Amino acid sequence: MSFDTILRNGRIAGREHEPVDIALCDGRIAAITPRSSQITQDAARDIALDGKLVIPGFVETHIHLDKSCISDRCSCRTGTLPEAIESVAAAKLAFTEQDIYARGRRTLEKAIVQGTTVMRAHVEVDPRIGLKGFRAVSQLKRDFAWALDIEICVFPQEGLLNDPGCDELLIEACDGGADLIGGCPYTDNDPHGQIARIFELAKRYDLDIDFHLDFDLDPSWMHLDEVCRHTAKSGWGGRVAIGHVTKLSALDHAALEKIGVKLANAGVAVTVLPATDLFLMGRGAEHSVPRGVAPAHRLLAQGVTCSLATNNVLNPFTPFGDCSLLRMANLYANIVQLGRSDELQACLDMVTLLPAKLMNLGDYGIAVGNPADIVVLDCADRVSAVAELGPTATLHWPGATPSLVKDDFRADLAEARSLARSLP
Ligand SMILES: [Zn+2]
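Throughout this description, residue numbers start from 1 for each chain and increase along the sequence as written. The predicted nature of this model means local features are confined to residues of pLDDT at least 70 and side-chain atom pairs, given and counted, to a pLDDT of 80 or more, with totals for whole chains, interfaces and linings taken over all residues. Values reported for side chains reflect all heavy atoms of the structure, with hydrogen atoms and water molecules removed beforehand.

### A few points about the coordination of the zinc ion
Selection rule: For Na, K and Ca the donor cutoff is 3.2 Å, while for all other metals N, O and S atoms count as donors only within 2.8 Å; water does not appear among the atoms, so some sites may look incomplete. A four-donor site is called tetrahedral if each angle lies between 85 and 135 degrees; a four-donor site is square planar, and a six-donor site octahedral, when trans pairs exceed 155 degrees and the remaining angles lie between 65 and 115; all other cases are labelled irregular. Strands here are runs of E lasting at least two residues and helices are runs of H or I lasting at least four, both read from the DSSP assignment and numbered beginning at the N terminus.
The protein atoms that coordinate the zinc ion are His62 (NE2), His64 (NE2), His212 (NE2) and Asn311 (OD1), at distances of 2.0 to 2.3 Å. Taken together, the four donor atoms surrounding the zinc ion define angles of 85 to 175° at the centre, an arrangement classified as irregular. Mapping the donors of the zinc ion onto the primary sequence yields the spacing H-x1-H-x147-H-x98-N. Placement of the pair is histidine 64 in the loop between strand E6 (58–63) and helix H1 (81–92) and histidine 212 in strand E10 (residues 208–213), with a sequence separation of 148 residues.

### Focus on the sheet that holds strand E12 (residues 268–272)
Inclusion rule: Strand pairing requires that DSSP identify at least two bridges connecting the strands. Think of each axis as a best-fit line through the C-alpha atoms, taken over the contacting stretch in the case of a helix, with angles from 0 to 180 degrees between the N-to-C directions. Whether two residues touch is decided by their heavy atoms; if any such pair falls within 4.5 Å, the residues are in contact.
The strand order across the open sheet built from eight strands is E6-E7-E8-E9-E10-E11-E12-E13, with neighbouring strands paired in parallel fashion. Here the strands that pair on one side only, and so sit at the sheet edges, are E6 and strand E13 (306–308). Taking each pair of neighbouring strands and ignoring which way they run, the sheet shows an average axis angle of 25°. Contacting strand E7 (116–124) and strand E8 (149–155), helix H3 (residues 132–143) runs over the sheet at an angle of about 170° to E8.

### Brief notes about the pattern of salt bridges
Where side chains of opposite charge bring their charged atoms close, a pairing between them can arise. To keep it simple, the criterion reads: A side-chain nitrogen of Lys or Arg and a carboxyl oxygen of Asp or Glu constitute a salt bridge if their distance falls within 4 Å. Here the term buried applies to any residue with accessible area under 20% of the maximum for its type, exposed to any over 50%, and partly exposed to those in between, with areas from a 1.4 Å probe on protein chains only.
For the structure on display, the rule yields 28 salt bridges. Between arginine 8 and aspartate 46 there is a salt bridge; the shortest N-O distance is 2.9 Å. Here aspartate 46 lies in strand E4 (residues 45–48) and arginine 8 lies in strand E1 (residues 5–12), a separation of 38 residues in the sequence. In this structure arginine 8 comes out as buried when scored by relative accessible area, which is 15%. Under the relative-accessibility criterion, aspartate 46 is labelled partly exposed at 41%.

### Focus on the environment of isoleucine 112
Of note, isoleucine 112 is situated in helix H2 (residues 97–113). The exposure class of isoleucine 112 is buried, given its relative accessible area of 0%. Note: C-alpha distance between isoleucine 112 and phenylalanine 58 (54 residues apart in sequence) is 9.4 Å.

### Considering the packing of aromatic side chains
Test applied: Stacked, tilted and edge-to-face pairs are distinguished by plane angle, under 30 degrees for stacked and over 60 for edge-to-face with tilted covering the rest, among Phe, Tyr and Trp rings (Trp via its six-membered ring) whose centres lie within 6.5 Å. We call a charge positioned over a ring when the NZ of a Lys or the CZ of an Arg lies within 6 Å of the ring centre and within 35 degrees of the ring normal.
Taken as a whole and assessed by the stated rule, the structure comprises four aromatic pairs. Measuring from ring centre to ring centre gives 5.6 Å for phenylalanine 279 and phenylalanine 320, while their planes differ by 90°; the resulting arrangement is edge-to-face. Taken as a pair, phenylalanine 279 in helix H8 (residues 274–280) and phenylalanine 320 in the loop between E13 and helix H10 (325–335) lie far apart in primary sequence, 41 residues in all. Between the NZ or CZ atom of lysine 247 and the centre of the ring of tryptophan 221, over which it lies, the distance is 3.5 Å. In this structure, arginine 283 packs its charged tip against the face of phenylalanine 279, placed 4.6 Å from the ring centre.

### Brief notes about the nonpolar core
Counted only if it meets this: Throughout, nonpolar core names a set of buried Ala, Val, Leu, Ile, Met, Phe, Trp, Tyr and Cys residues whose side chains join them through atoms within 4.5 Å.
Ranked by internal contacts, the top residues of the largest apolar core, which has 107 residues, are Ile181, Leu224, Ile242, Leu248, Leu263 and Tyr332. Examining the composition of this core, we find that seven residues originate from one element, H10, more than from any other. Once residues within four sequence positions are removed from consideration, tyrosine 332 is found in contact with Val272, Pro274, Val293, Ala294, Pro295, Ala296, His297, Leu308, Leu338, Cys347 and Met350. With 13 residues, the next largest nonpolar core counts Leu7, Ile22, Leu24 and Val54 among its residues.

### Structural notes on the pairing of E12
In terms of residue burial, E12 counts as a mostly covered element, since five of its five residues are buried. Burial along E12 is two-sided: the residues Val268, Val270 and Val272 and Ala269 and Thr271 are all buried. Pairing geometry for E12 and E13, over three bridges, is parallel. Note on E13: the bridge partner recorded for valine 272 is leucine 308.

Right under this line is the structure:
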């Protein structure tokens, strides 16, 4: 068997104790061999990893490319969620397809250099923006297919049943190839009506669902129950995710455990968005500000599929963002006070293996036959990856031609782009 690339002496996450050689051929992992019986063949590209950690690409389950990089267009004073929604809604009126594409591209390029290889982009659809966001992100999905797989989740950010014309646009996006559908019941005048309608459309088009849900700190009521009820009734277990669920941060352990059982039984996954939730929650407090971040690790221990994700980048919801999911894992560990080695390992899993499970990715992971979407971290194990945030090198294979994206990202990106263009 001939290989086009061999990565020598790497440590695969979860199997760090035994260094391996990894051979690649035609964009796939062709062989994994322990160092003790190393691969003797030559390959066009031979890369010494010197014992560094090898992980499958980071999986981003929740990001908004369409409204990224607009901090300079919004002047926010209170930093609250209603203000963020209002100011982005106002800025959105001036968005053009070209503008969305340019800002989305800037964000995507950051995500690529940080090692993200799969992404679920949440895209707003409503009568003000129409399908501009959907079309721009669809174009980004095509243009960046050499580097990462983008899944488009269309959703109504400003309400559905209270927004005449929105339903028709969602249907048009579903007809136009949206990969999944989302909802945002807390902005609807009939939240349960919206949840029911989203399930109806998901079933009609056979789509997975991803809701923005329960985005405050009042645990006396939640839409989560209604989502679990519809998931069970529709047989949609394993196909539904909910993002934020910040209310769960306001529950004691016993109450949280009951919710965990409910989510695990229904097959509803949870995505926690630490940067946004930290920024927007608890604004009413003058001191001892609540963190407002749902304890994903506790739900995970109960069998709920959980991921950590970026959400917003440089806008009123989150005026920060380098698109690093490794940094997000570190941030989460820090704010929910995780430090044991098994806990830090779980944090890495929540930006790799678990989001891959949430997105039902069939061929994800460092295994023979899988796509060669490989990220190399400059550390020896998962614990130091999360604790120390070492530099990242990403290996991408656009079609059959390998390109290495690492320190000099701009140059490599240009090279990779030209390679991608030259492919049949
Ligand atoms: Zn979001």
